[in-house]
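The lines below spell out each chain.
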Amino acid sequence: MLARSDSLVRWWGRTTIDIALYVVDLTVFIMLALRAWRGWHALSLRSTRMTIVNQIIFTGVDALPVILLLGLAVGISMTAQLLNLAVDFGTDKEMVDLVAAIIGMELGSLITAIVLIGRSGSAIVVDLGNMKLHKEVEGLELLGIDINDMIVAPRLIGASVSQMALSVFFAGVATFGGVAAAGLLLSGSYLRLITPLMSAFTPAQILVFLLKNLLFGLIIAGTACFHALKVGVSPTEVPQETQRAIVNALLLVFILDGLFALALAFA
Amino acid sequence: MNAPAPIITARGVVAEGMLGTAVAERPLELAVGRGEMVCLIGPKGTGKTQLLRALAGLEPPAAGSVDLLGRRTAALDAEGWLDLRRRAAFITSDAPLLSVVDAVVNVTLPAMYHRIGEPAMVRAEAIALLDKLGWRGDLRLLPAFLDEHQRRLLALARCLILKPVVLFVDEPFRMIDVSGWRHFGAVFEGLVRDDRLAVLMVTHNLPYVRESGARILFCGTRGSRLFADWRTLATDADPEVAAFLAESGFHAATVI
């Protein structure tokens, strides 16, 4: 029994160290990529500019319909229910704050991040992983092209911008759409909450929300690029790294979201 | 008048993975100047590619030192390494191109990245370069729709657009037919003769090596030896050289 608990402690310790080392590696990778980016100079290069634009189109614009659909679904299923339950216990202000905090600030970020991880994170790993597999990455480096500058940084920037924009969009649809749905489906009186909901988001909250989503975007694209560039010589490594990138990105996004929630609770 | 400094100077070089083997007993001493071609030949497993990569500064040698374009390769930082790659081009045996962009963008991309000129000018230069290299085909096609000969010419062109001083090529004639390699051979000879490029290549194509008139670096199981030309190699008394030539189809009657 003692031996079993001892090995469990060892496993727990080793796993914790592995996760910590992984986070350090990933952070350094993202920071090096952003440091290598040549900013406006890079944007003047058509291929880099197009990489960012394409990333924003693929990750952001193309995901709009699914985010709209999910936002409406969450609005109808959760916001409306939340209001229906809270109406007996709280004031209008408390109900609005509840919807803004839970649906807008938390679910908006998380569901958008989950969609982006599944949709864009996996696509980045497959795309970049195949480039690595077929030595295209090495071919560029041999021409004096900095991969961090030309390939990784544009994806980080594109995914972060998209995550921020989509989560704002999702939060808007899920909260206002939810209140509207509650008004239409349950009782017209819920529509009175739309005006106070508009002022429920304080500038500080919006700033924290944007910062959190910026970090989510960096994690999603950073994890994807980090794992894609680990692909070696075997085609089987591409799906393996894709799976690792998705699982790790999900884990990190949820941990970061929890840390943000804790920080806000103590602030 | 002083002779121009060599572009590559290798002193006591042993390639990565060859330390501790018999190859390390005869480390490489080599100096290569502008307008010179050196062909690295030899049996499989004697570290030709590793040696080429060490000479190009892609990997540090296991022993000895390499000075490339006046800079000690082992002392280069990441920025210096990337900067060196513009003037010391290296084409791997796979000659990979960027699969998501078309033929002409593959050639213009490095020039645009390094801001060598305006897009229209670079594009015109790329087309002129491809024409000079004898490239025939649709420039709007993605690499996947091109044949091996076309892809290899594009890989060469995208290096040349950076106007390098030295070109390292690993097995440039792989997977191309006789007319293809003859065309390639003529291209390399033109680059050496007209553009004064230094070219170092690993090849198994001995008919080309014989015709090229290049210096030959024979990589054997006991190390590398430099020969002034094919005739010197073919008449050498080293049994390993003779055995390699015989295995490659060059017998006593045909070797010279």
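## Here's the deal with the sheet that holds strand 10 (residues 223-227) of chain B
All names here are of chain B.
For step 1, the next point in the chain: Taken in spatial order, the six strands line up as 6-7-8-3-9-10 in an open sheet, and their pairing is mixed. The open sheet is flanked by strand 6 (88-91) and strand 10, the only strands paired with a single partner. In this sheet, adjacent strand axes meet at a mean angle of 15 degrees when their direction is disregarded.
For step 2, the next point in the chain: One ladder, built from four bridges, connects strand 3 (residues 37-41) with strand 8 (residues 198-202); its direction is parallel. Pairing of Val38 across the sheet is with Leu200, part of strand 8.
For step 3, the next point in the chain: Docked against the sheet, helix 1 (residues 48-55) engages strand 3, strand 6, strand 7 (166-170), strand 8 and strand 9 (215-220), running at close to 155 degrees with respect to strand 8.
For step 4, the next point in the chain: Its contacts with the sheet put helix 5 (residues 148-160) on strand 6 and strand 7, and the angle it makes with strand 6 is roughly 165 degrees.

## Observations regarding the domain arrangement of chain B
Residues and elements named next belong to chain B.
For step 1, the next point in the chain: Each assigned domain of chain B is listed with its residue range as follows: domain 1 (1-69 + 165-256) and domain 2 (95-163).
For step 2, the next point in the chain: Taking the mean C-alpha position of each, domain 1 and domain 2 sit 27 Å from one another.
For step 3, the next point in the chain: Taken together, the contact between domain 1 and domain 2 spans 15 residues of the former and eleven residues of the latter.
For step 4, the next point in the chain: Summing the contributions of domain 1 and of domain 2, the shared interface buries around 1000 Å²; its carbon and sulfur component is 69%.
For step 5, the next point in the chain: For the domain 1 face of the interface with domain 2, the top three residues by lost area are His183, Phe184 and Val187, together amounting to 40%.
For step 6, the next point in the chain: The tally of links from domain 1 across to domain 2 stands at one salt bridge.
For step 7, the next point in the chain: The interface formed by domain 1 and domain 2 includes five residue pairs in polar contact (both at pLDDT 80 or more).
For step 8, the next point in the chain: Tallying contributions element by element places helix 6 (residues 178-193) first for the side of domain 1 that touches domain 2, with six residues.
For step 9, the next point in the chain: Looking at the side of domain 1 that touches domain 2 residue by residue, the class counts come to ten nonpolar, two polar and three charged.

Rules used throughout
Residues numbered from 1 in each chain as written. Chains lettered and ligands numbered in written order. Predicted model: local features only at pLDDT ≥ 70, side-chain atom pairs only at ≥ 80, totals over all residues. Heavy atoms only, no water. Pairing = 2+ DSSP bridges. Helix = DSSP H or I, 4+ residues; strand = E, 2+ residues; numbered from the N terminus. Axes fitted to C-alpha atoms, helices over the stretch in contact; angles between N-to-C directions. Contact = heavy atoms within 4.5 Å. Domains from an automatic or database assignment. Buried area = accessible area lost by both parts, 1.4 Å probe. Salt bridge = Lys/Arg side-chain N within 4 Å of Asp/Glu carboxyl O. Polar contact = N/O pair within 3.5 Å; in protein donor to acceptor, adjacent residues only side chain to side chain. Nonpolar A, V, L, I, M, F, W, Y, C, P; charged D, E, K, R; others polar.

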